[in-house]
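What follows is each chain in one-letter form.
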Amino acid sequence: MTVRVFIYGYRKPGLSLSTFRERYEAHIDLVRRISGEDFPLSHRRTYIARTTVDSPPAGATARNATTPATLLLGQQSDFDFDTTAELTFADQPSFQAFMAKVTAPEAAAQIAEDEERFFDRKMLSIAMIGEVVETMK
């Protein structure tokens, strides 16, 4: 049975949207090198659609005052995160092998040092995904 992990990522205050994305994409290369054959089957990243404005719109948050999310429903505060990621592993042993590599002291230090360049690490959230139900056309 596949194992999935979900991540909410927040860019460092003051970091541009494009720099955040560039650094995150480069970070995935680092994690891939560290984890080698134990890299997830997939590491899917989704970025919140944002526009850059000169002055904060009504309801803007301090975090994204000039980069509000393109809302269809809800409030800006519901979308202060900048990216979500879903990691998919073949099974629990595959997930555990990956975790063993990325949490080894030297690797964990490398990953943390790199994340400090673009992630607001105190806001970073990671959870296991339970059942996935998908409806398709």
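Above this text sits the structure in question.
About the criteria used
- Residues numbered from 1 in each chain as written.
- Predicted model: local features only at pLDDT ≥ 70, side-chain atom pairs only at ≥ 80, totals over all residues.
- Heavy atoms only, no water.
- Pairing = 2+ DSSP bridges.
- Helix = DSSP H or I, 4+ residues; strand = E, 2+ residues; numbered from the N terminus.
- Axes fitted to C-alpha atoms, helices over the stretch in contact; angles between N-to-C directions.
- Contact = heavy atoms within 4.5 Å.
- Phe/Tyr/Trp six-rings, centres within 6.5 Å; stacked < 30°, edge-to-face > 60°.
- Buried < 20%, exposed > 50% of the residue type's maximum accessible area, 1.4 Å probe, protein only.
- Lys NZ or Arg CZ within 6 Å of the ring centre and 35° of its normal.

Asker: Lay out the sheet that holds strand E2 (residues 42–47) in plain terms, naming residues and giving numbers.
Answerer: With antiparallel pairing, four strands are arranged side by side in an open sheet as E2-E3-E1-E4. Across the chains shown, the open sheet's two edge strands, defined by having one partner strand only, are E2 and strand E4 (125–128). Across the sheet, the mean angle separating the axes of adjacent strands is 15° when strand polarity is ignored. Sheet topology places E2 next to strand E3 (residues 83–89); six bridges connect them, and they run antiparallel. Within E3, the position partnered with serine 42 by the bridge is threonine 88. Strands in contact with helix H1 (residues 17–35) are E2 and E3; relative to E2, the strand with the most contacts, it is inclined by about 175°. Helix H2 (residues 92–103) rests against strand E1 (3–9), E3 and E4 of the sheet, and its axis sits at about 120° to E3.

Asker: Explain the environment of isoleucine 126 to me, and be specific about the residues and the numbers.
Answerer: As for its position among the elements, isoleucine 126 is in strand E4. Sequence separation between isoleucine 126 and aspartate 80 is 46 residues; the distance between their C-alpha atoms is 16 Å. Excluding its chain neighbours within four sequence positions, the residues that come into contact with isoleucine 126 are Val5, Phe6 and Ile7.

Asker: An account of the packing of aromatic side chains is needed here, citing residue identities and associated values.
Answerer: Under the definition given, this model contains 14 aromatic pairs. Taken together, a centroid distance of 6.0 Å and an interplanar angle of 35° make the contact between phenylalanine 20 and tyrosine 24 tilted. Here phenylalanine 20 pairs with tyrosine 24, and both are found in helix H1, just four residues apart, close to one helical turn. Summarising the burial analysis for this pair, phenylalanine 20 and tyrosine 24 share the class buried. Here the aromatic cluster, defined as three or more aromatic residues joined through ring pairs, consists of Phe6, Tyr8, Tyr10, Phe79 and Phe81. Stacked on the ring of phenylalanine 39, the Lys or Arg arginine 32 has its end atom at 4.8 Å from the ring centre.

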